[in-house]
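# Descriptive structure summary
The chain contents come next:
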Amino acid sequence: MKNRIQMAWLCAAATLALPAAGAQGAVTAAAVERKAPNTYEIHWTSDRAAEPVAVYLAGKPDAPASERKLLFRRSAPGHEVVQTPAGGRPYFYIEDEQGSGLWTAERVLPLAGGRNFRDLGGYAAADGRRVKWGKVFRSGSMARLTHADYDYLSRLGVKVVCDFRTSPERASEPNLWPEAAKIDYWYREYDMGFGEFSKLLEQRVSAEQMKAAMTEGYRRMPEEQAEAYKEMFQRLLAGEVPLAFNCTAGKDRTGVAAALLLSALGVPRDVIVEDYALSEKIVDFQKELVTKGEDGALGFLASLPPEVVAPLLRTDPDYIIATFAALDSKYGSVEGYLRTALGLSGDDLQQLRDSLLE
């Protein structure tokens, strides 16, 4: 069941792997679907269908040509199922006859205890480059990661985790991985509830009122989480990558953080909205946060009517669109927020793009 849920992201991936404006080379988009352990189906498109492409396997997303293994040559568009060696995370490089190409990989990490743990790589930016794979990861709670998951993640070389959760959330579901892996772990002590739902839920509310509260929460999120988001950007500017950031579900505070970062890198807004909406396609939040979470910080959800809980569990595009609208209204743009609220300069933004785009 888990694999079926995680593979559901592929349908959306085709819309997310858009060609970059001004991109060079024949290969325009690619996606990877896990079929079974060590078995992947690679999909790709090209604007020169008559020309073949070469598909290579590598153990890291920036491997030089000498470290890439040729898997096959095929015409585009196309797809192919391949086997990879056990252990590690496979990255695939798809190259046209002129020597231009792009990297691709499985977006959702295959973690037994992971929750919405995925790579932000591969998205096309407005300047013709793409977000590098294997540099920034977004996630929900990491409290259920297994020792096998620890081993898998250790091979990714993550240097720091930025945890956006409240103090009660972290106490309820402690993240033991950073200490076990001896990597930096940033968090802050606070207990502010997102959108003040604790007060709202003391009343009788409808599904419509809950959605309105979620939407308002998303308008306020960049201000409420400014300290945490500033820390994340400063870590990235300091070169502390790969970096992972998370909240409990991996969709709200984390979703806004991902939207801010992808905006800073020049990824088009419609693609960012699709990345945000992807969470509910790959995670059963009813199971993760309500059924499994009865003893945790969100256990109160189990006592609420399902129709009232439903808006809380969604990644409705209206939510993240509300975030953008609030930032546009107050700061003129997302970049205005990054500069004014988070203190990023034009040079900082250019540095981010140069370090996280290829």
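A quick note: this is a predicted structure, and the numbers were derived from the prediction, not measured.

### Section: the overall build of the chain
Secondary structure summary: the chain contains 16 helices and 12 strands in total. Residues classed as buried in the chain amount to 54% of the 358 residues present. Partitioning the contacts of the chain with sequence separation of at least 6, the portion at a separation of at least 24 is 70%. Looking at the chain as shown, the accessible area adds up to about 15000 Å², and 51% of this sits on carbon and sulfur atoms.

### Considerations on the side chain of threonine 315
Within the secondary structure layout, threonine 315 lies in the loop between α13 (306-313) and α14 (317-331). Residues contacting threonine 315, with those up to four places away along its chain left out, are Lys251, Tyr276, Ala277, Ser279 and Glu280.

### Quick notes on the sheet that holds strand β1 (residues 27-36)
Reading across from one edge, β1-β2-β5 is the order of the 3 strands in this open sheet, with antiparallel pairing throughout. Sheet topology places β1 and β5 (78-83) at the edges, where each strand pairs with a single neighbour. Recorded for the sheet is a direction-independent mean angle of 20 degrees between the axes of neighbouring strands.

### A closer look at the environment of valine 82
Considering the arrangement of structural elements, one finds valine 82 in strand β5. For valine 82, a relative accessible area of 7% gives the class buried. Spatially, the C-alpha atoms of valine 82 and asparagine 38 are 8.3 Å apart, while their sequence positions differ by 44 residues. Excluding residues within four positions of it along the chain, valine 82 makes contact with Asn38, Thr39, Tyr40, Ile42, Leu71, Phe72 and Phe92.

### Some points on the environment of alanine 30
Relative to the helices and strands, alanine 30 resides in strand β1. Assessed through its relative accessible area of 15%, alanine 30 is described here as buried. Separated by 72 residues in sequence, alanine 30 and leucine 102 place their C-alpha atoms 8.1 Å apart.

### Considerations on the nonpolar core
Met232, Phe233 and Phe245 are the most contacted members of the largest nonpolar core, which totals 67 residues. Broken down by element, this core gets its largest block of residues, 8 residues, from helix α9 (residues 253-264). Grouped together as the second largest cluster of nonpolar side chains are 24 residues, Tyr93, Ala105, Leu111 and Leu153 included.

### Regarding the sheet that holds strand β12 (residues 243-246)
In space, the 5 strands of this open sheet follow the order β8-β9-β12-β10-β11, with mixed pairing throughout. The sheet is open, and its two edges are formed by β8 (118-119) and β11 (184-186), each paired on a single side. Two strands pair when backbone bridges link them, and strand β10 (residues 160-163) and β11 are joined in this way by 3 bridges, in the parallel orientation. Bridged to cysteine 162 within β11 is tryptophan 186. Contacting β9 (136-139), β10, β11 and β12, helix α8 (residues 226-237) crosses the sheet at an angle of about 155 degrees to β11.

### Brief notes about the packing of aromatic side chains
A ring pair, where both rings are aromatic, is described by two values, the distance of the centres and the angle of the planes. Enumeration over the complete set of coordinates arrives at 10 aromatic pairs. Pairing tryptophan 44 with phenylalanine 72 gives two aromatic rings, centres 5.7 Å apart and planes at 40 degrees, and the pair type is tilted. Pair noted here: tryptophan 44 is in strand β2 (residues 39-46) and phenylalanine 72 is in strand β4 (residues 69-75), with a separation of 28 residues, a long-range link. Judged by relative accessible area, tryptophan 44 falls into the buried class, the value being 2%. Both rings, one in phenylalanine 164 and one in tyrosine 229, keep their centres 5.4 Å apart while their planes meet at 85 degrees; by these two values the pair is edge-to-face. With a gap of 65 residues between them, phenylalanine 164 in the loop between β10 and α4 (167-172) and tyrosine 229 in helix α8 connect regions that are remote in the sequence. With relative accessibility at 1%, the residue phenylalanine 164 sits in the buried group. Since its relative accessible area comes to 0%, tyrosine 229 is described here as buried.

### Side note on the pattern of salt bridges
Should their charged atoms come close, side chains of opposite charge can pair. Applying the stated criterion across every chain yields a total of 32 salt bridges. A salt bridge links lysine 330 to glutamate 223, with the shortest nitrogen-to-oxygen separation between them at 3.4 Å. With a gap of 107 residues between them, lysine 330 in helix α14 and glutamate 223 in helix α7 (residues 207-224) connect regions that are remote in the sequence. Given the relative accessible area of 37%, glutamate 223 is considered partly exposed. One salt-bridge network, held together by shared partners, links Lys211, Glu280, Arg314, Asp316 and Asp318.

### Examining the packing of α9 against α14
Where α9 contacts α14, the two axes come as close as 10 Å, and the packing angle between them is 55 degrees. With respect to their mutual orientation, α9 and α14 come out oblique. By crossing handedness, the relation of α9 to α14 is classed as right-handed. Packed against α9, whose contacting residues are Gly255, Val256, Ala259, Leu260 and Ser263, the element α14 presents Ile320, Thr323, Phe324 and Leu327 at the interface. Across the contact of α9 with α14, the residue classes break down as 6 nonpolar, 3 polar and no charged.

### Some thoughts on the confidence of the model for the chain
When pLDDT is averaged along the chain, the result is 89; 87% of the residues meet or exceed 70. Across residues 1-15, where pLDDT falls below 50, the model places 27 contacts with residues more than four positions away in sequence or in other chains. The low-confidence segment residues 17-23 (pLDDT under 50) makes 21 contacts with residues lying over four places distant or belonging to another chain.

What counts as what
Sequence order sets the numbering: in each chain, residues are counted from 1 along the sequence as written. Residues qualify for local features only when their pLDDT is at least 70, as the model is predicted, and side-chain atom pairs are given and counted only at 80 or more; totals for whole chains, interfaces and linings, by contrast, use all residues. Only hydrogens and water are removed before side-chain values are computed, so all heavy atoms of the structure are retained for them. Each helix is a run of H or I in the DSSP string that is no shorter than four residues. Each strand is a run of E no shorter than two, and both are numbered from the N terminus. Partly exposed describes any residue whose relative accessible area lies between the buried limit of under 20% and the exposed limit of over 50%, with all areas from a 1.4 Å probe on protein chains only and scaled to the type maximum. Contacts were defined at the residue level, with two residues in contact if any of their heavy atoms lie within 4.5 Å. For the accessible areas, the method is Shrake-Rupley and the probe is 1.4 Å, while residue cover comes only from the protein chains on display. By this definition, two strands are paired if DSSP reports at least two bridges between them. Angular values range over 0 to 180 degrees, each being the angle between N-to-C directions of two axes fitted as lines to C-alpha atoms, with helices fitted over their stretch in contact. Definition of nonpolar core: a set of buried residues of the types Ala, Val, Leu, Ile, Met, Phe, Trp, Tyr and Cys, connected through side-chain atoms within 4.5 Å. Between rings of Phe, Tyr and Trp, where Trp is taken as its six-membered ring, a pair exists when centres lie within 6.5 Å; planes separated by under 30 degrees are stacked, by over 60 edge-to-face, and by other angles tilted. A pairing counts as a salt bridge when a side-chain nitrogen of Lys or Arg comes within 4 Å of a carboxyl oxygen of Asp or Glu. Put simply, angles under 35 degrees are roughly parallel, angles over 145 are roughly antiparallel, angles from 65 to 115 are roughly perpendicular, and the rest are oblique. Working rule for handedness: look at the near helix, and if it is turned counterclockwise from the far one by less than a right angle, call the crossing left-handed; if clockwise, right-handed. In the scheme used here, Gly and all other residues not listed as nonpolar or charged are polar, with Ala, Val, Leu, Ile, Met, Phe, Trp, Tyr, Cys and Pro taken as nonpolar and Asp, Glu, Lys and Arg as charged. Residue-level confidence of the predictor, termed pLDDT, takes values from 0 up to 100.

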